[in-house]
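# Report on the structure
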Amino acid sequence: MSDLRDLPELASDVRERVVTPPYDAVSRRVRARRLRGAAGTLAAAVLVVGGVAVWQNVATTAGPPVPQPAEESPIPPTDESQWRAVVNGTDAHPFEIEGTDDGSIAVIWRALEHPEPTFALVIRDVDGRVHGMRLDSPVELTPVEGGWVGVRTTQGFFISSDGTWTDLGQPGPSRRVRPGDDYINGQYGSWLYSSQRGTWSTMPMPYGNSFDGYVNPQGELVTCDGDGQGRVWITSGRRQSQSVVGATCDMTGRGDRVSAVGLGDEPDGSIPLMGLLVTTEDSSAVVRADFMVLSGVTSLTVTPAGSTLVTDASAGDAFVLNADRTQLVEPDRKLGLAFVAGDRLYATTYGFMKGPLLESDDDGNTWHEGVLPGMESSED
Amino acid sequence: VDTRSDETRLREVYAASYPRLVGQLVGVTGDPAEAEDVVMEAFARAAPRRSSFHEADNSEAWLRTVAVNVARSRWRRMLRWAHLLPELVTQTAYAGLPEDRVSLLAALRQLPAAQREAIALHHLADLPVAEVALTLGVPEGTVKARLSRGRATLAILLAEPTKEDDHVRPA
């Protein structure tokens, strides 16, 4: 049986078994990052000349680079054949999906090809027009006014719903939060984006006490914080909600309504739902978690009606807490990743399968089937 | 010439430090394959000429701090993509690790992330408390508290057969 004195030996036992990869492995990662950086620089150059860059026109020079075969392909990544090859690829599925305020929907498709997965971004605008682009790696999408902010490592782009990519460049210094700002939480940092001013600013890394954030209509930063000892809560200015159990938390907001989930840190790697917090401008409530068992949280959505929808896409489990916080409803079918586009509530098929796009007209209680962007037939 | 010497230095550090850093980071990630991936990512971030790595007095400390931050970021990202992560991470077999080391890794995975980081840096990387505090960006008192709680929990976990042990040792 091992004990604490074995900890140093654990390090040496692992160290002895490490087979150091050739240094080329480092070089490959660096090259991949430079390619992404170069794409951003070129996009910025186009901006100087033309103001904005419509992806259909600049994709051959300014879009995110496509993984190139040994002999370079002359086909631009926006060519329909390029993104359709991903949508129709091996075990293709929606990897990420987000709506935006004008009703458009963006899907990052992923196909499990060998030796590495392939990606494409497909957007269907509110008039039903579909744009697509093959990507060399996914971007993390956050809905903002008129489109999305896409983040790849630390590079930010504004992607409008008509298919325009704008490189946001180097972030400006940290600044005070203002009304109209969006809090962008990425894998390697967090930023403030202002749609009105087009500014892109650094936020302090939300590690330690703050796990996630949201800017409310009054321009106040609302954060989800933890004590590192298993409790999390929502902080808005000097107000602090009650706390729930959680090693960390995830949060979202719509208007003055903010919802956060406390998430566990289980030894088997799972991150189960531990508790739900809902706050409005003048009140906060903790919802007991013992009757809403989810083994993971894939999406947390405040619906247009002010309800909170939580889904676990792996199992398809979900629940809706109504705006008055008086009813907890289980939807009539299994759900994947939920989101809002315009004033409509959507969800993908559970299990991240390539299935219908589900839509709800009654605040998440019942759902009917639509079509995922990229899967429209010629009759649609 | 500077660029070439920077790369030469990084290659030397890579050859000398890669296995050692993986051994230390395994305590943070709880998984050797994940530890390799975050250490590789740290080296990739060190490579650009403008990287602050090239001005750091202690190369390995710089890499360790970046690797810990990468591990944290990945854990945060798992909040949304936990179900997809196994497909994204290349699993490397560390077959042949003694059974008690496997038990130790299993126990480490049961610690909260903050305690696991402190335990790994202090006991696996053999860093003094002050340097652990510097690496994690928290006060020394916080590190001591996390170490104390982490050790107490580990002692309990290691004294009792874990569920994973039950699996590998059927009655």
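Keep in mind it's a predicted model, so treat the numbers as computed, not measured. (Residues numbered from 1 in each chain as written. Chains lettered and ligands numbered in written order. Predicted model: local features only at pLDDT ≥ 70, side-chain atom pairs only at ≥ 80, totals over all residues. Heavy atoms only, no water.)

Residue and element names in this part refer to chain A. In this structure the tally under the stated criterion is one disulfide over all chains. Disulfide pairing is shown between Cys224 and Cys249; the S-S distance is 1.9 Å. On the sign convention where negative is left-handed, the bridge of Cys224 and Cys249, at about -140° about the S-S bond, is left-handed. Of this pair, Cys224 sits in strand S14 (residues 221-226) while Cys249 sits in strand S18 (residues 248-254); the two residues are 25 residues apart in sequence, bridging distant segments of the chain. With respect to burial, Cys224 and Cys249 carry one shared label: buried. (Disulfide = S-S within 2.5 Å. Helix = DSSP H or I, 4+ residues; strand = E, 2+ residues; numbered from the N terminus. Buried < 20%, exposed > 50% of the residue type's maximum accessible area, 1.4 Å probe, protein only.)

So, on to the sheet that holds strand S4 (residues 118-124) of chain A. All names here are of chain A. With antiparallel pairing, four strands are arranged side by side in an open sheet as S2-S3-S4-S5. Edge positions in the sheet fall to strand S2 (93-99) and strand S5 (130-135), since each of these pairs with one other strand and no more. Averaged over all neighbouring strand pairs, the angle between strand axes comes to 20°, with direction disregarded. Looking at chain direction, S4 and S5 are connected through six bridges and run antiparallel. If you follow Val122 over to S5, its bridge partner there is Gly132. (Pairing = 2+ DSSP bridges. Axes fitted to C-alpha atoms, helices over the stretch in contact; angles between N-to-C directions.)

Below, the discussion takes up the packing of helix H6 (residues 113-124) of chain B against helix H7 (residues 129-136) of chain B. Residues and elements named next belong to chain B. Here H6 crosses H7 at 135°, and the two axes come no closer than 9 Å. As the angle between them shows, H6 and H7 are arranged oblique. Viewed along their axes, H6 and H7 form a crossing whose handedness is right-handed. Across the interface between the two elements, Glu117, Ala118, Leu121 and His122 of H6 pack against Val129, Val132, Thr135 and Leu136 of H7. Looking at side-chain class alone, the contact of H6 with H7 contains five nonpolar, two polar and one charged residues. (Parallel < 35°, antiparallel > 145°, perpendicular 65-115°, else oblique. Left-handed = near helix turned anticlockwise from the far one by under 90°. Contact = heavy atoms within 4.5 Å. Nonpolar A, V, L, I, M, F, W, Y, C, P; charged D, E, K, R; others polar.)

Attention shifts here to the pattern of salt bridges. Tallying each qualifying case throughout the model produces 18 salt bridges over all chains. Here Arg344(A) makes a salt bridge to Glu359(A), at a shortest N to O gap of 2.8 Å. Linking Arg344(A) in strand S27 (residues 344-347) with Glu359(A) in strand S28 (residues 357-360), this pair joins segments that are 15 residues apart in sequence. With a relative accessible area of 26%, Arg344(A) lands in the partly exposed category. A salt bridge links Arg20(B) to Glu60(B); the shortest N-O distance between them is 2.8 Å. Of this pair, Arg20(B) sits in helix H1 (residues 2-29) while Glu60(B) sits in helix H3 (residues 59-81), placing them 40 residues apart in sequence. (Salt bridge = Lys/Arg side-chain N within 4 Å of Asp/Glu carboxyl O.)

For the rest of this paragraph, the subject is the packing of aromatic side chains. Applying the stated criterion across every chain yields a total of ten aromatic pairs over all chains. Judged by centre distance (6.0 Å) and plane angle (15°), the ring pair of Phe158(A) and Tyr193(A) falls under stacked. With Phe158(A) in strand S8 (residues 155-160) and Tyr193(A) in strand S11 (residues 190-194), the pair connects residues that are 35 residues apart, well separated along the chain. By relative accessible area, which is 4% here, Tyr193(A) ends up buried. When the ring of Phe53(B) is compared with that of Trp62(B), the centres are 5.4 Å apart and the planes differ by 70°; the resulting orientation is edge-to-face. A connected cluster of aromatic rings, assembled from ring pairs, spans Tyr23(A), Tyr14(B), Tyr18(B) and Phe43(B). The ring of Tyr350(A) has Lys334(A) sitting right over it, with the charged end atom 5.3 Å from the ring centre. Over the aromatic face of Phe53(B) sits the side chain of Arg9(B), whose NZ or CZ is 4.9 Å from the ring centroid. (Phe/Tyr/Trp six-rings, centres within 6.5 Å; stacked < 30°, edge-to-face > 60°. Lys NZ or Arg CZ within 6 Å of the ring centre and 35° of its normal.)

Moving on, we come to the environment of Gly189(A). Tracing the backbone shows Gly189(A) in the loop between strand S10 (181-185) and S11. A C-alpha to C-alpha distance of 8.4 Å links Gly189(A) and Thr153(A), two positions 36 residues apart in sequence.

To continue, consider the nonpolar core. Membership of the largest hydrophobic core comes to 59 residues, with the highest contact counts inside it found for Leu10(A), Tyr18(B), Leu25(B), Val39(B), Phe43(B) and Leu63(B). Among the elements that take part in this core, H1(B) stands out by supplying nine residues, more than any other. Contacts of Leu63(B), omitting those with residues within four sequence positions, involve Val13(B), Leu21(B), Ala42(B), Phe43(B), Ala46(B) and Phe53(B). (Core = buried A, V, L, I, M, F, W, Y, C linked by side-chain atoms within 4.5 Å.)

Next up on the list: the confidence of the model for chain A. The share of residues in chain A with pLDDT of 70 or more is 81%, and the mean pLDDT across the chain is 80. Within the model, pLDDT remains below 50 along residues 35-73 of chain A, and this stretch shows 68 contacts once partners closer than five positions in the same chain are excluded. (pLDDT = per-residue confidence, 0-100.)

This paragraph deals with the side chain of Arg146(B). Residue and element names in this part refer to chain B. With respect to the secondary-structure elements, Arg146 resides in helix H8 (residues 140-159). No salt bridge is formed by the buried Arg146; the nearest opposite charge belongs to Glu117, separated by 4.8 Å. Setting aside chain neighbours within four positions, we find Arg146 in contact with Ala114, Gln115, Ala118, Leu136 and Val138. (Lys, Arg positive; Asp, Glu negative; His and termini not counted.)

Here the focus is the confidence of the model for chain B. Residue and element names in this part refer to chain B. Summing up the model confidence of chain B, the mean pLDDT is 78 and the portion of residues at 70 or higher is 75%. Per-residue pLDDT stays below 50 along residues 81-93; that stretch engages in 19 contacts with residues further than four places along the chain or on separate chains. In the model, residues 162-171 has pLDDT below 50 throughout and makes eight contacts with residues more than four positions away in sequence or in other chains. Across the predicted assembly, pTM comes out at 0.64 and ipTM at 0.81.

What follows deals with the environment of Gly228(A). Residue and element names in this part refer to chain A. Within the fold, Gly228 resides in the loop between S14 and strand S15 (231-236). Its relative accessible area of 35% is what places Gly228 among the partly exposed residues. Expressed as a C-alpha distance, the spacing of Gly228 and Gly246, which sit 18 residues apart in the sequence, is 8.9 Å.

Glancing now at H8(B). Given 3.6 residues to a turn, an α-helix orients residues that are three or four positions apart in the same direction. Residues and elements named next belong to chain B. Between the first and last C-alpha of H8 there are 28 Å, a value that for 20 residues agrees with the 28 Å anticipated at 1.5 Å per step. Along H8, the residues that are buried comprise Val143, Arg146, Leu147, Gly150, Leu154, Leu157 and Leu158. Relative to the axis of H8, the buried residues are bounded by an arc of 105° and lie together on one face. Facing away from the buried side of H8 by more than 90 degrees, the exposed set consists of Ile156 and Ala159. (Expected span 1.5 Å × (residues − 1). Arc of directions from axis to C-beta.)

A word on the sheet that holds strand S12 (residues 199-203) of chain A. All names here are of chain A. Read from one edge to the other, the open sheet built from three strands follows the order S10-S11-S12, with strand pairing classed as antiparallel. What marks the edges here is a single partner per strand, and that holds for S10 and S12. This sheet shows a mean twist of 25° between the axes of neighbouring strands, independent of strand direction. As judged from the five bridges shared by S10 and S11, these two strands associate in the antiparallel manner. Note that in S11 the partner of Asp182 across the bridge is Tyr193.

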